[in-house]
Amino acid sequence: MSVAADKPARIRISGGRVIDPAGGIDAGQDVFIAAGRIVATGSVPDGFNPDLDIDASGCIVCPGLVDLSVRIREPGKEHKATIASESLAAASGGITTLCCPPDTYPVIDTPAVTELIRMRAETTGLTRIVTLGALTRGLAGDQLSEMAALRKAGCVGVSNALQPLASPLILRRAMEYAATFDLTVFLHADDHWLSNGGCVHEGRVATRMGLPGIPEAAETAAVARDLALVQQTGVRAHFCHLTSERAARMVARAQYDGLPVSADVAVPYLYLSEIDISDFNTQCHLIPPLRTVEDRQGLREALRRGTLSAICSDHQPHEPDAKLGPFPATEPGISGLDTLLPLALQLAHEQVLPLPDLLHRLTRGPAEILGLPGGTLASGATADVCIFDPERTWVLDSTSMRSSGKNTPFMGWEMKGRVIHTLLGGRLVYSLAD
Amino acid sequence: MNLQIDEHGRLRHFLSIDGLNRQLLTEILDTAESFAGVTEQTVKKVPLLRGKTIVNLFFEASTRTRTTFELAAKRLSADVLNINITQSSAIKGETLLDTLRNLEAMHVDMFIVRHSDSGAAHFIASHVAPHVRVINAGDGRHSHPTQAMLDMFTIRRVKGPDFGRLRVAIVGDILHSRVARSQIHALNLLNTGEVRVVAPATLIPAHAESLGVHVYHDLLAGIEDVDVIIMLRLQRERMQGALLPSEHEYYELFGLTNRKLAHAQPDVTVMHPGPINRGVEMDSEVADGSHSVILEQVTHGIAVRMAVMSLAMSRKQEKPE
């Protein structure tokens, strides 16, 4: 998955605070890059003459971020966003690898769609896009997809996205088949029947507002079932953005018991709760839904402990019309590429977890889940690097946002932490203009 | 920001009881009282909204509510247009907004809106031109504030203005009922002594107590010593959703009969927002009996809707056009 590179350059990133959580590094150091790879951090390699010297003083130098869940909307919904638009948003947000779920149109259930996305990503050349293949054909939930072919075409895992499976038996078979090819199954813990078409968390706010609720049990019952099937089949599984404290505890217990399961959290669930849907704020219409303040706290705790080993954006860009309507009739999701890093950094400011641990959950943590070698600044690693100024503040507005989707409840928030440079495979793909 | 109330604390839109205050509710009830006289006269018209155009914009079927809104508007001398957009397919946001913009272009002064999605009236109110008023005639499971106000009006007429000494029980499908939600908010804003809801657990929403009610699963215990019983309509489709086993069992457990009514206060008042499923939520002997004020509720609906419309429009009238 090489990115078309210009003439390979030798780059020195000097004066920054290098944090490479995977390598246990947190020190004022220089980073040396040649031929698209990290050649050293710390002392200058013999005879290294940089073609380019990037001044990172006052900045943190870390591996490029890896985002587990990004709807790029291409192919099929280019009126919302495109690979070109979202690649730029990713690069300006310090994200060098993003993972696209299979619910594109057409669905990623054939090598051709995977190829198409990869080719367009390479042409754009601003970020790496990896794909999850469909777990079932057309995501219809009843027939297995050709997983071996999808894996060969480069899919890093399989998932049925938000679509339900016809029965637990299909899930069992799909897990067994995925395990055969050493594919990780990415699960959205949702019991479709219990969710019953709801649009918000079934709790006090839903009751007050008369909005159809999704009970917590829709998530926990699905996690329980899925864990039992992981135990049964031995497949490696990942739970995509959990929303409840109880579900996170169940996964923690399973991890303690040695099951090969991981889980992530999406940024909005660490900041928002059911209370934010009051006044029918459609920007807070998310699926799975925002749950209680206690759940938000529980997710932060699970992130700190490492049960949740990755933070993703769960980026879902929309055109303005998608959010213009009565709450239940609007499309769920938040455009999150632009805010992944600054909102995550806020957790370090709030001392939820130390900065290196936080950066681990944005870099090596998700890379491990995807089975990718990246997310590190170790010598020999591909030079995907994010350089950001942790103190720099900026306001999120429709001009500072790079994503095509301006749908975010964080509009107008002051963000702290701004990406100054992003390198992809040793190539400077983004520099903050000013 | 409160969409419903202007900077002087006066009614701008009427979208939900939640978000209003006791003073406003009382003002609506008092104004309705003054209109109740009008509706009982031989010449039933007042010229308050002469020259105004009011659109009944109904995305969901309704006879009673739409008709009483229409009558109320006509008695205020407004011009009324009925638009029913009841195709079952979900109305997309842009379509709804387009519909609205088109009607607005015809210089409409007020929309009366009914829609199957909770929040629809709020959505419309936040997108209309500043001079246009919106009144919610029922949105999803969220709110049906004029129904709640006509119920409060009826209770006040029968029981007097002191809600503090009243126990009120609302019986039936609380979960899906916009009427119940609005009634609960209104009763609590008017400082009702006790508000109870009575239903099996399948028809009670999560954390119902947080609405300010006591939850009962037993009808006799729930109506013990109450002064007012409000029965809700049971939708037949609740049987299919595995919410209830049968109409028969529901009637046995939660249907109101004269025998059961004896557990309430001797002068208990029985209400129902209509239309009634006789033999399901209540017996005919109760519906047509001496405790029932069901038809008065319908009559009061006109005066209350006149009150809400005229109050929402009054601010605008003060300004020269």
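Residues numbered from 1 in each chain as written. Chains lettered and ligands numbered in written order. Predicted model: local features only at pLDDT ≥ 70, side-chain atom pairs only at ≥ 80, totals over all residues.

What about the pairing of strand β5 (residues 60–63) of chain A?
Residue and element names in this part refer to chain A. Where strand β1 (residues 11–20) meets β5, 2 bridges bridge the pair, whose relative direction is parallel. Across the sheet, residue Val-18 finds its bridge partner in β5, namely Val-61. As paired strands, β5 and strand β16 (residues 385–395) are joined by 4 bridges and run antiparallel to one another. Paired with Ile-60 across the bridge in β16 is Phe-388. (Pairing = 2+ DSSP bridges. Helix = DSSP H or I, 4+ residues; strand = E, 2+ residues; numbered from the N terminus.)

As for the interface of chain B and chain A
Taken together, the contact pairs 26 residues of chain B with 19 residues of chain A. Top contributing element to the side of chain B that touches chain A by residue count: helix α3 (residues 93–104) of chain B, with 4 residues. (Contact = placed C-beta atoms within 7 Å.)

Details of the nonpolar core
If you look at the biggest cluster of nonpolar residues, it comprises 225 residues, and the most contacted ones within it are Val158(A), Val171(B), Ile229(B) and Met309(B). The biggest single contributor to this core is helix α11 (residues 294–318) of chain B, with 10 residues. Sequence-distant contacts of Val171(B), defined by excluding residues within four places in its chain, comprise Val198(B), Ala199(B), Leu219(B), Gly222(B), Ile229(B), Ile230(B), Met231(B), Leu232(B), Phe254(B) and Leu256(B). (Core = buried A, V, L, I, M, F, W, Y, C linked by C-beta atoms within 7 Å. Buried ≥ 20, exposed ≤ 12 C-beta atoms within 10 Å, placed from the backbone.)

A short note on the packing of helix α4 (residues 168–180) of chain A against helix α7 (residues 216–233) of chain A
Residue and element names in this part refer to chain A. At a minimum axis distance of 10 Å, the contact between α4 and α7 shows a crossing angle of 40 degrees. Of the possible angle classes, the one that applies to α4 and α7 is oblique. In this structure, α4 meets α7 at a crossing whose hand is right-handed. Contact residues: Pro-168, Leu-171, Arg-172, Met-175, Glu-176 and Ala-179 in α4; Arg-225, Leu-229, Gln-232 and Thr-233 in α7. Partitioned by chemical class, the residues of the contact of α4 with α7 number 5 nonpolar, 2 polar and 3 charged. (Axes fitted to C-alpha atoms, helices over the stretch in contact; angles between N-to-C directions. Parallel < 35°, antiparallel > 145°, perpendicular 65-115°, else oblique. Left-handed = near helix turned anticlockwise from the far one by under 90°. Nonpolar A, V, L, I, M, F, W, Y, C, P; charged D, E, K, R; others polar.)

As for the pairing of strand β4 (residues 133–139) of chain B
Residue and element names in this part refer to chain B. Most of β4 is tucked away: 7 of the 7 residues are buried. By the bridge criterion, 5 bridges tie strand β3 (residues 110–115) to β4 in an arrangement that is parallel. Bridging from a neighbouring strand, Met-110 pairs with Arg-133 of β4. In terms of handedness, the path from β3 via helix α4 (residues 120–125) over to β4 forms a crossover that is right-handed. (Right-handed = clockwise from strand over helix to strand, strands pointing away.)

Here we look at the confidence of the model for chain A
When pLDDT is averaged along chain A, the result is 96; 98% of the residues meet or exceed 70. Low pLDDT (under 50) marks residues 1–5 of chain A, which in the prediction has 12 contacts with non-local residues, meaning those over four places away or in another chain. (pLDDT = per-residue confidence, 0-100.)

A look at the environment of Gly279(B)
Structurally, the position occupied by Gly279(B) is in the loop between β9 (269–271) and α10 (284–287). A C-alpha to C-alpha distance of 9.2 Å links Gly279(B) and Thr257(B), two positions 22 residues apart in sequence.

What about the sheet that holds strand β6 (residues 65–67) of chain A?
The strands making up a sheet are joined through hydrogen bonds of the backbone, oriented either antiparallel or parallel. Residues and elements named next belong to chain A. Taken in spatial order, the 8 strands make up an open sheet running β6-β7-β8-β9-β10-β13-β14-β15, and their pairing is parallel. Of all the strands in the sheet, just β6 and β15 (310–312) have a single pairing partner and so form its edges. Taken over all neighbouring pairs, the strand axes of this sheet differ in orientation by 30 degrees on average, direction set aside. Pairing between β6 and strand β7 (residues 95–100): 3 bridges, direction parallel. Opposite Val-66, over in β7, you have Thr-97 as the bridge partner.

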